[in-house]
Amino acid sequence: MGATMNAPSALPAVPVKMQARDVKVFYGAKQALKGINLDIQENRVMALIGPSGCGKSTFLRCLNRMNDTIENCRVEGRLTIDGDDIYGRDIDPVQLRARVGMVFQKPNPFPKSIYDNIAYGPRIHGMASHRDEMDEVVQKSLQRAGLWNEVKDRLREPGTGLSGGQQQRLCIARAIAVSPDVILMDEPCSALDPIATAHIEELIDELRENYTIVIVTHNMQQAARVSQKTAFFHLGDMVECDDTEEIFTNPRDERTQGYITGRYG
Amino acid sequence: MGATMNAPSALPAVPVKMQARDVKVFYGAKQALKGINLDIQENRVMALIGPSGCGKSTFLRCLNRMNDTIENCRVEGRLTIDGDDIYGRDIDPVQLRARVGMVFQKPNPFPKSIYDNIAYGPRIHGMASHRDEMDEVVQKSLQRAGLWNEVKDRLREPGTGLSGGQQQRLCIARAIAVSPDVILMDEPCSALDPIATAHIEELIDELRENYTIVIVTHNMQQAARVSQKTAFFHLGDMVECDDTEEIFTNPRDERTQGYITGRYG
Amino acid sequence: MTELADPDVRAVSPARSRYQSDEFVARLRRRYAAEQRFKYAGMAAIGLASLMLVVLLGSIISQGYTAFQQTSIALDITFDAAEIDPQGTRNPEVLAQANYAKLIRDSLGTVFPEATSRADRRTLSDLLSSGAPFELAMMVRDDPSLVGTTKRVWLTASDDVDQFMKGFIPRNVAETERRVNDVQVAAIDRLASKDSIEKSFNTTLFTAGDSREPELAGIWGAIVGSFMTLAITMALAVPIGVSAAIYLEEFAPKRWWTDLIEVNINNLAAVPSIVFGLLGLAVFLNFFGMPRSAPVVGGVVLALMTLPIIIIATRAALKAVPPSIREAALGIGASPLQTVLHHVLPLAMPGILTGTIIGMAHALGETAPLLMIGMVAFIVDIPGGFTDSATVLPVQIYMWADSPERAFTERTSAAIMILLGFLVLMNGLAVFLRKKFERRW
Amino acid sequence: MQLTVLLVVLAVLAVVGYHLGRSRAANAVGGRIVQLHSVPAYYGAYVALWAGLPAFLLFVAWGVSEGWLVMQMVLAGLPDRLTSVDAQGIALLKADLLNLAHGLNTGRQPDPAVVAGAEHYNALRQLGDWAVLGFGSALAVAGLWYARERISPRMRARNQVERVINIVLIGCSLVAILTTVGIVLSLVFEAARFFMAVNPLEFLFGLHWSPQMAIRADQVGSSGSFGAVPLFAGTLLITVIAMLVAVPVGLMAAIFMSEYATPRMRTALKPILEVLAGIPTVVYGFFAALTMAPFVRRIGDAVGLDVSSESALAAGVVMGVMIIPFVSSLSDDVINAVPQSLRDGSYGLGATKSETIKLVVMPAALPGIVAAVMLAVSRAIGETMIVTMAAGLSANLTANPLEAVTTVTTQIATLLVGDQEFDSPKTLSAFGLGLVLFIVTLTLNMIALRVVQKYREKYD
Amino acid sequence: QSRDQIRAVGSSTVFPFTTAVAEAFGKTGKFKTPVVESTGTGGGLKLFCGGVGPQHPDIANASRRIKKSEVDQCAANGVAEITELKIGFDGIVMASSKAAKHYDFTRAQVWKALAKEVPVNGKMVANPYKKWSDVDPSLPNYDIEVLGPPPTSGTRDAFNELMMEGGCHQVKEVAAILTDEKARSKACLSIREDGAYVEAGENDNLIVQKLGANPEAFGVFGYSFLDQNKDKLQAAKVDTVVPSYELISSGKYPVSRSLYVYVKNAHVGVIPGIRELIGEYTSERAMGEEGYLADKGLIALPKADRDAARVSAVNLSPLKL
Ligand SMILES: Nc1ncnc2c1ncn2[C@@H]1O[C@H](COP(=O)(O)OP(=O)(O)OP(=O)(O)O)[C@@H](O)[C@H]1O
Ligand SMILES: Nc1ncnc2c1ncn2[C@@H]1O[C@H](COP(=O)(O)OP(=O)(O)OP(=O)(O)O)[C@@H](O)[C@H]1O
Ligand SMILES: [Mg+2]
Ligand SMILES: [Mg+2]
Ligand SMILES: O=P([O-])([O-])[O-]
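Chain D goes by Phosphate transport system permease protein in an unreviewed UniProt entry, where it is assigned to Azospirillum oleiclasticum. According to UniProt, the comment filed for chain D under the heading Sequence similarities (unreviewed entry) is "Belongs to the binding-protein-dependent transport system permease family. CysTW subfamily." What the UniProt record of chain D gives under Function (unreviewed entry) is the line "Part of the binding-protein-dependent transport system for phosphate; probably responsible for the translocation of the substrate across the membrane."

Naming follows an unreviewed UniProt entry, where chain A appears as Phosphate ABC transporter ATP-binding protein of Azospirillum oleiclasticum.

## Thoughts on the pattern of salt bridges
Residue and element names in this part refer to chain A. On inspection of all chains with the given rule, the structure shows 101 salt bridges over all chains. A salt bridge links arginine 252 to aspartate 242, with the shortest nitrogen-to-oxygen separation between them at 3.0 Å. Of this pair, arginine 252 sits in the loop between helix H9 (244-249) and helix H10 (254-261) while aspartate 242 sits in strand E10 (residues 237-243), placing them 10 residues apart in sequence. Arginine 252 sits in the exposed class, given a relative accessible area of 62%.

## Here's the deal with the environment of histidine 125 of chain B
Along the chain, the position of histidine 125 of chain B falls in the loop between helix H3 (114-124) and helix H4 (131-144). With relative accessibility at 1%, the residue histidine 125 of chain B sits in the buried group. Once the C-alpha coordinates of histidine 125 of chain B and valine 178 of chain B are considered, the two residues, 53 residues apart in sequence, prove to be 7.8 Å apart. At 3.0 Å, the side chain of histidine 125 of chain B and the backbone oxygen of isoleucine 332 of chain C are in polar contact.

## A closer look at the site of ligand 1
Close to ligand 1 lie 21 residues, the nearest being Ser52, Gly53, Ser57 and Thr58 of chain A together with Ser163 of chain B. At the site occupied by ligand 1, the surrounding residues belong to chains A and B. Within the contact set of ligand 1, an oxygen atom lies 2.9 Å away from a side-chain nitrogen or oxygen of lysine 56 of chain A. In isolation ligand 1 has 630 Å² of accessible area, and contact with the protein removes 86% of it. Listed by contribution, the elements that provide at least two residues to the shell around ligand 1 are strand E2 (30-41) and helix H1 (56-63) of chain A together with helix H6 (164-177) of chain B. For the shell around ligand 1, the class distribution of residues is 5 nonpolar, 12 polar and 4 charged.

## Quick notes on the packing of helix H6 (residues 118-125) of chain C against helix H9 (residues 182-193) of chain C
Residues and elements named next belong to chain C. Where H6 contacts H9, the axes come no closer than 9 Å and their chain directions differ by 55°. Here H6 is positioned oblique relative to H9, judged by the angle of their axes. At the point where H6 passes H9, the crossing takes the right-handed sense. The residues of H9 that touch H6, namely those facing Asp120, Thr123 and Leu124, are Val183, Gln184 and Ala187. Grouping the constituent residues of the contact of H6 with H9 by class yields 3 nonpolar, 2 polar and 1 charged.

## Describing the interface of chain D and chain C
Across the contact, 100 residues belong to chain D and 88 residues belong to chain C. Ionic pairing is found between glutamate 355 of chain D and arginine 31 of chain C, a salt bridge with its closest N-O pair at 2.7 Å. Here chain D is connected to chain C by 14 residue pairs in polar contact (both at pLDDT 80 or more). In terms of residue count, helix H6 (residues 157-197) of chain D provides more of the side of chain D that touches chain C than any other element does, 18 residues in total. Counted by class, the side of chain D that touches chain C contains 62 nonpolar, 23 polar and 15 charged residues.

## Concerning the packing of helix H12 (residues 274-282) of chain E against helix H15 (residues 303-315) of chain E
Helices that pack against each other are described as a pair by the angle of their axes relative to one another and the distance between those axes. All names here are of chain E. At a minimum axis distance of 9 Å, the contact between H12 and H15 shows a crossing angle of 175°. Relative to H15, the element H12 lies roughly antiparallel. Residues Arg275, Ile278 and Thr282 of H12 lie in contact with H15, whose contacting residues are Ala309, Arg310, Ala313 and Val314. Residue composition of the contact of H12 with H15, grouped by class: 4 nonpolar, 1 polar and 2 charged.

## Section: the packing of aromatic side chains
Overall, the coordinates contain 23 aromatic pairs over all chains when judged by the stated rule. Where tyrosine 260 of chain E meets tyrosine 262 of chain E, the ring centres are 6.1 Å apart and the plane angle is 20°; that geometry is what we call stacked. Here tyrosine 260 of chain E matches tyrosine 262 of chain E in class, with each residue buried. A network of ring pairs unites the aromatic residues Phe194, Phe195, Phe203, Trp209 and Phe226 of chain D as a single cluster. Over the aromatic face of phenylalanine 26 of chain A sits the side chain of arginine 74 of chain A, whose NZ or CZ is 4.4 Å from the ring centroid. The ring of tyrosine 115 of chain A has arginine 156 of chain A sitting right over it, with the charged end atom 4.3 Å from the ring centre.

## Considering the UniProt feature "transmembrane region" (unreviewed entry) in chain D
Feature annotation in UniProt places "transmembrane region" (unreviewed entry) on residues 41-64, 130-147, 167-189, 231-256, 268-293, 313-338, 359-381 and 430-452 of chain D, given in this structure's numbering. As a span, residues 313-338 of chain D carries 92% helix and 0% strand, and end to end its C-alpha atoms are 35 Å apart.

## Observations concerning a nonpolar patch on the surface
Residues and elements named next belong to chain D. A surface patch of nonpolar side chains, about 510 Å² in accessible area, is lined by Leu7, Leu53, Phe56, Leu57, Val60 and Val64. With 5 residues, the top contributor of residues to the nonpolar patch is helix H2 (residues 40-77). Here phenylalanine 56 is to be found in helix H2.

## Here's the deal with unusual backbone geometry
Notably, aspartate 82 of chain A is not glycine yet its phi reads approximately 50°, a positive angle. Positionally, aspartate 82 of chain A belongs in the loop between strand E4 (73-81) and strand E5 (84-85).

## Details of helix H15 (residues 323-331) of chain C
Among the 9 residues of H15 of chain C, 8 are classified as buried, and the element is accordingly described as predominantly covered. Those residues of H15 of chain C lying buried are Ser324, Ile325, Arg326, Glu327, Ala328, Ala329, Leu330 and Gly331 of chain C.

## A closer look at the nonpolar core
Judged by nonpolar contacts, the single largest core of 305 residues is most densely connected at Trp111, Trp132, Phe159 and Phe221 of chain E. Core analysis: the second largest hydrophobic core is formed by 47 residues, Val45, Ile200, Met220 and Ile247 of chain A among them.

## Things to note about the interface of chain D and chain B
Counting residues at the interface gives 12 residues for chain D and 13 residues for chain B. A buried area of about 1100 Å², summed over both sides, lies between chain D and chain B, and 44% of it is on carbon and sulfur atoms. Taken together, the connections running from chain D to chain B amount to 1 salt bridge. Linking aspartate 92 of chain B and arginine 158 of chain D is a salt bridge whose minimum nitrogen-to-oxygen distance equals 2.3 Å. For the pair chain D and chain B, the number of links is 1 residue pair in polar contact (both at pLDDT 80 or more). Across the side of chain D that touches chain B, the residue classes break down as 5 nonpolar, 3 polar and 4 charged.

## Notes on the site of ligand 2
Near ligand 2, the surroundings consist of 19 residues, among which Ser163 of chain A together with Ser52, Gly53, Ser57 and Thr58 of chain B are the closest. Neighbouring residues of ligand 2 are not confined to a single chain but are spread across chains A and B. Within the contact set of ligand 2, an oxygen atom lies 2.4 Å away from a side-chain nitrogen or oxygen of threonine 58 of chain B. Between histidine 218 of chain B and ligand 2, the recorded distance is 3.0 Å, taken from a side-chain N or O atom to an oxygen atom. Coverage of ligand 2 by the protein amounts to 83% of the 640 Å² it exposes when considered alone. Broken down by secondary-structure element, the contributors of at least two residues to the shell around ligand 2 are helix H6 (164-177) of chain A together with strand E2 (30-41) and helix H1 (56-63) of chain B. Across the shell around ligand 2, the residue classes break down as 4 nonpolar, 12 polar and 3 charged.

## Structural notes on the domain arrangement of chain D
Domain boundaries assigned for chain D yield domain 1 (2-155), domain 2 (156-197) and domain 3 (225-459). Taking only C-alpha atoms into account, the centre of domain 1 of chain D sits 47 Å from that of domain 3 of chain D.

## Section: the state of the cysteines
All told, the structure shown has 2 disulfides over all chains when counted by the stated rule. A sulfur-sulfur distance of 1.9 Å marks the disulfide that ties cysteine 168 of chain E to cysteine 188 of chain E. Across the S-S bond linking cysteine 168 of chain E and cysteine 188 of chain E, the dihedral sits near -60°, which makes this disulfide left-handed. Here cysteine 188 of chain E lies in helix H8 (residues 181-189) and cysteine 168 of chain E lies in helix H6 (residues 154-170), a separation of 20 residues in the sequence. With relative accessibility at 1%, the residue cysteine 188 of chain E sits in the buried group. In this structure cysteine 62 of chain B is a free cysteine whose sulfur lies 6.4 Å from that of cysteine 73 of chain B, the closest cysteine sulfur available.

Cut-offs applied
- Residues numbered from 1 in each chain as written.
- Chains lettered and ligands numbered in written order.
- Predicted model: local features only at pLDDT ≥ 70, side-chain atom pairs only at ≥ 80, totals over all residues.
- Heavy atoms only, no water.
- UniProt positions renumbered as here; feature names shortened; annotations may be inferred.
- Salt bridge = Lys/Arg side-chain N within 4 Å of Asp/Glu carboxyl O.
- Helix = DSSP H or I, 4+ residues; strand = E, 2+ residues; numbered from the N terminus.
- Buried < 20%, exposed > 50% of the residue type's maximum accessible area, 1.4 Å probe, protein only.
- Polar contact = N/O pair within 3.5 Å; in protein donor to acceptor, adjacent residues only side chain to side chain.
- Near = heavy atom within 4 Å.
- Areas by Shrake-Rupley, 256 points an atom, 1.4 Å probe, with all protein chains shown as cover.
- Nonpolar A, V, L, I, M, F, W, Y, C, P; charged D, E, K, R; others polar.
- Axes fitted to C-alpha atoms, helices over the stretch in contact; angles between N-to-C directions.
- Parallel < 35°, antiparallel > 145°, perpendicular 65-115°, else oblique.
- Left-handed = near helix turned anticlockwise from the far one by under 90°.
- Contact = heavy atoms within 4.5 Å.
- Phe/Tyr/Trp six-rings, centres within 6.5 Å; stacked < 30°, edge-to-face > 60°.
- Lys NZ or Arg CZ within 6 Å of the ring centre and 35° of its normal.
- Patch = residues over 30% accessible without salt bridge, like charges linked within 9 Å, V, L, I, M, F, W, Y side chains within 5 Å.
- Core = buried A, V, L, I, M, F, W, Y, C linked by side-chain atoms within 4.5 Å.
- Buried area = accessible area lost by both parts, 1.4 Å probe.
- Domains from an automatic or database assignment.
- Disulfide = S-S within 2.5 Å.

See below:
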């Protein structure tokens, strides 16, 4: 089927929040990214699409230096946020990660209560000094992630006891609780049902006003619905990046065309 | 958007492979399923849809007694396969699980090599006596799951080093390697890109000739594309089960209607 | 569609620069300071533990290394045929019965002709170990043609001479305050001037069984005993412990009686080891009539003692294996047992090995329970089987540590070094295995 | 010899049986294994068990009873004049027979009838061994054949095999229970005698421990008071000190090894620390008594504290060092087993490494860490030598770590290895102490289990 | 099972001597070297009296004489005939590090320093003395700290009886205050428990080494440890007698006790070598004044006693208490 987009097209020029220049990533000897150049605009949603294993997650993890935790992972090239080199001396990975939040592909709630899962980030960043404030942050975050009604009576139960979709929403709530500048989402809706997905998509749309969002998705419709820019990755290359409408209606590269049309054209 | 279905509608009467009668499941005191009645027809694909936490996974896990492994889980009612009581004395849960394979929501490869991940099932079931045979089984399974080309040069590397989508396809390959009668899939494509998804959907279509398939999905389009029967679950109830076309075009229950139309109508 | 009409959204999302605000940076600095402190605490912990180890090992080695040398004295021994074998039969029985001590006395008499009094002669023969005549007997037994010849032979010196040579008995104190009297000191000096007294590698320590004479004492018997005992312990404790842990963690229904077993196992870990000795005495010796001092009984008792350690460690390791792995295996038709054997156990192996090592290390170093079953004993003969009387390394160490003879002090430390050598060997094997099994997922 | 052969035969037959069973099961359904009740490996195991197990049980039974059986037969064959003596005489006669049968020279002229008996004994044993070899092999072959014949697609091989395996596994778990029963039995009778001599209330609540009781009738006893409170208090004090050393150091070491150190460093550090657990306690005892205690005392003198030359502190600290590996190695394993995804989740929120460890990794690893700490506590309670050598044996009731105290286990060991007397309360008090310690730790463990069960959280 | 190896159990004090004999006996090559266990006197006698047969030991070492109750227990278990061999003396010495000043004691001083209660102004009061000089101004100005065996040790028994009781009798006030025999005896034998007397376990080497670390302390242990550490330790004279080999042997040194070996007659001839072993034990080259046991620290009996032991060993004359 064609891309049924409900996102606005042809945006005016906006400041660039993050920038990648010739970013190469290696896992040991294996090269996963082959020189990515990409501008991520402020207050926009950027979707990363591409076949499995093409390096979307890898790129995403470069943006907040989560790759640092992988033993044999090496990053080359230049990545900036607000003009500061992400891998430079001036930027501290912890601070960076607070500014650039992340939701992972597999839901990974902490083995703590639902409440503590959410409160974890605000607590370490000293965002709520009182019990009440914290309660409010938790409630707000859960509400925005559309989980509040389901869990409000069991905030003290472990987060690991939730269903797969609930777990993922919990992780989203956890990420937005620290109100980062940029939110990276690695297939955040892959475990969600349509209602929850719609909820998250709405949330993304809403967050865009204040935040910059990068989302990896396999769902073309989703990419079309939520993003203003879309980048297509293929075998470690960034093949094409353009306005979402442009990509879905008028891809320039034939690989992009092949992918987004697939059998769905 | 409306359900764009490409599946045949109005099937002739076919033998019933598995049957659920008044199946109730409890987690401790909490009731997760409230009396499910469902017929799963042979050589058909049955899709289970419904909002997150409604009990789809729970029901799926009843079908191959994976619920046995959950400490405080209790199953009531009658479930049969080929007329044999699944929870009866004659059926060995181990053998049952070989007959009723399963692909889980979160990819869970063994921390072994890719080859050994696939070969494990055939090996314990004594399905391949020679090295060559085993190689063939592995290759076939990986090919059918659409992973062969990506991993054929790294069969000896650990399965956990694959990307999320690759891992899920590995799990699918692992499940079909033991050629079960019924395959249960719990959101098998949630981590996959469209091409891989298409590949798996094709595979499902292909497998249907010999196997019976039950698939949990949040993707309406997918349900519409691959299944012949669709059951809608809601809050532990099976609200409605019918031919897929029927469900998507003409749902009888308003909850079904509300769900499948959502904002997609 | 759920409505999220929240006009107050911005309230929870403060100014976007908050992560660059001075407040945050200051806080971050504090957090990093905490991070550094935490890391240093970790390093300090490692450092402290290593330091303790170094201190302990240092003191052991500095006290014990001298034991690897032993003083011997060279004497020209005349293997007088008339004395050894008057009939000339060369019958081994006769050869063994001869008075070799007299040969030594005679030889000493020629070296120190001035020593004529009985007391002096006695004093001089005390330079040599009481085992020296047996050394001569062995020589003659091995080579009867020696009879009738004169030969310079190296004989083991007595422990006092040995300690004197090593400087543990001071020379410059009053004669009454040292166990080597002036006559002996003069004799040692004379021998030294003729290169007839020297230190060489102490093979006895590694080849002999126990002895009351430090210079004749060795730990081979204890090593063999330890090996046999530990073999039994390992053969019982590891399979039983791992099986029990598997049962409790993977198969047992959670009932009151599994709780009981669990509590019970934790409790056994706190039972003083000597009580296991009492158990061994009451059950294995008195009830089953098994032999005293036997490695088989010691092994069983130590196995019971280490069992809880292995079970607890194994259970912790099994618990750490994620359930998704079990589901994956069960989902393709592996039986619960196959699931455990093929997937869970290999993943839990590092933890199991750790438990085994710690348990075995404990068993290897344990003395108290063996006291009750008769393994704290003076045993000279090297055990030849699991039911022979035997002792083990820590017991040997314990007994030597309690011996009055000064020369046992260094031997105690040497024995500890050897025990630790075995421990390191065992650990090495475990490290190898652990590395093989370890992976993060 | 014959028995070794039998074991080898059994092993071989079991292996053969396994393969026969597997292939027969597969053949029975023409290779369509889905039609089997169980997977083929279970049919193999079923046959192997039938082949090996009955014969092995026979082997064990014979091994256990052989000596006794044969001896009874030999005694029955001896003339009355030899056997119609009291039990002691029979014991001596048996010793004589055995010595002769083993060809020992006892240094006295043996009775010809006894010599004949000894020969009879040897002959019977030979015969018995051969019989067991033959019969055992036959039994194994029969079992193999029987099981093979019984294989059919509907046979519930898995259930049968698993029942056997389950029984074996339960048996292994029961070893722990049996051990406890054995310990209780070996303590309870003597303990009962002790409590008949000493009022249990006085024992449990008495504040004074001084078993300086006369051990000889002709010796006039001095004080004999058996108030166990100082011992338990001392145990508590020393255990707490040891834990204060071992838990922080061990846990921090574990964290450093699993989170900060490079993998190579970790593989080196871990076994190095484990050496600490293997150093014989005598060594620690000497170290505590001769290095640590004077050191503590010097420090104390320097700051003007009155430190006993045998202080609980010295013993406790050294004991803590000894059990560091219990905490560090086991915790390191469980920390290492915490999935990386949890760490990623925390880092992704802008947590530092130490925050991640403290707030996410530790809670996830808590059940295992608790197990490790409990093990360490147990080890501390059970340790005797260090306390004996460094903290002395005087039972002071004090919470001051600079004074000398003693522990329950130290007292038990001292009482049991020292001069004893059959029915002196002094000796018997060791059993009383053992029993009460057993009950106390059991109670503590019960409480601990409840607590742990309440707070145990699952994660994946 | 059968047994071809002699088994001995018992006192840790006698252990070094029996093992030395066992080793020498084993070296003759006719019999296996006996197994000697160190279980403590009481524990050894308990095993010894357990019964007759190969599972029970043949010989018991004792650092005190066997008690009537133990003989009865033996008899009840069928161990009717026991041969008693007195093998020598063990002197119990009080010594300190060479680094300290040398002092000598009377038993009365030792008692006053260590007793639980001492007479002060005509009353028995809890021991008030903190320093030796409090006991007697001629003694050093050191804190009273004596490292000695615990109440479970045979050495402690002997120390109690010979040093403490002996010292107590020298203090006349005690008899004056406590007229009741039993109370007096109790007062005489009670050792203070306030830390001045340190129960230091059974390991005498440890005491010796602790003295090195703590020069103001005195240690109580067996003569053989003094003999081996002459360069480090100085022994106090007790009642003006030096604990030397000769003076202990002659019985002049007041704090010495006899050591015994008990043989199970029923086993002689059944377990090979017992007769030969005790022959070796009582031989002059072993227990004689210049025998190898003397070298190990055993103090030889007077000639007559040695001869008597030799006769007992040959005749196996059963013990009668
Ligand atoms: N830790 C790792 N070690 C080695 N190779 C890795 C690792 N993580 C990813 N890879 C490889 O790097 C490539 C890119 O992986 P990445 O996870 O970025 O893919 P992706 O685009 O996110 O795929 P998916 O959509 O399936 O999640 C893949 O070939 C993958 O196998
Ligand atoms: N092990 C468990 N213990 C207790 N409650 C559970 C357990 N597993 C699931 N539940 C609860 O049972 C209900 C049904 O869960 P289930 O996993 O079947 O939902 P689902 O339909 O598969 O949801 P999703 O689409 O999010 O995976 C949920 O409310 C869930 O919280
Ligand atoms: Mg990915
Ligand atoms: Mg689900
Ligand atoms: O071990 P002893 O009985 O001599 O103290």
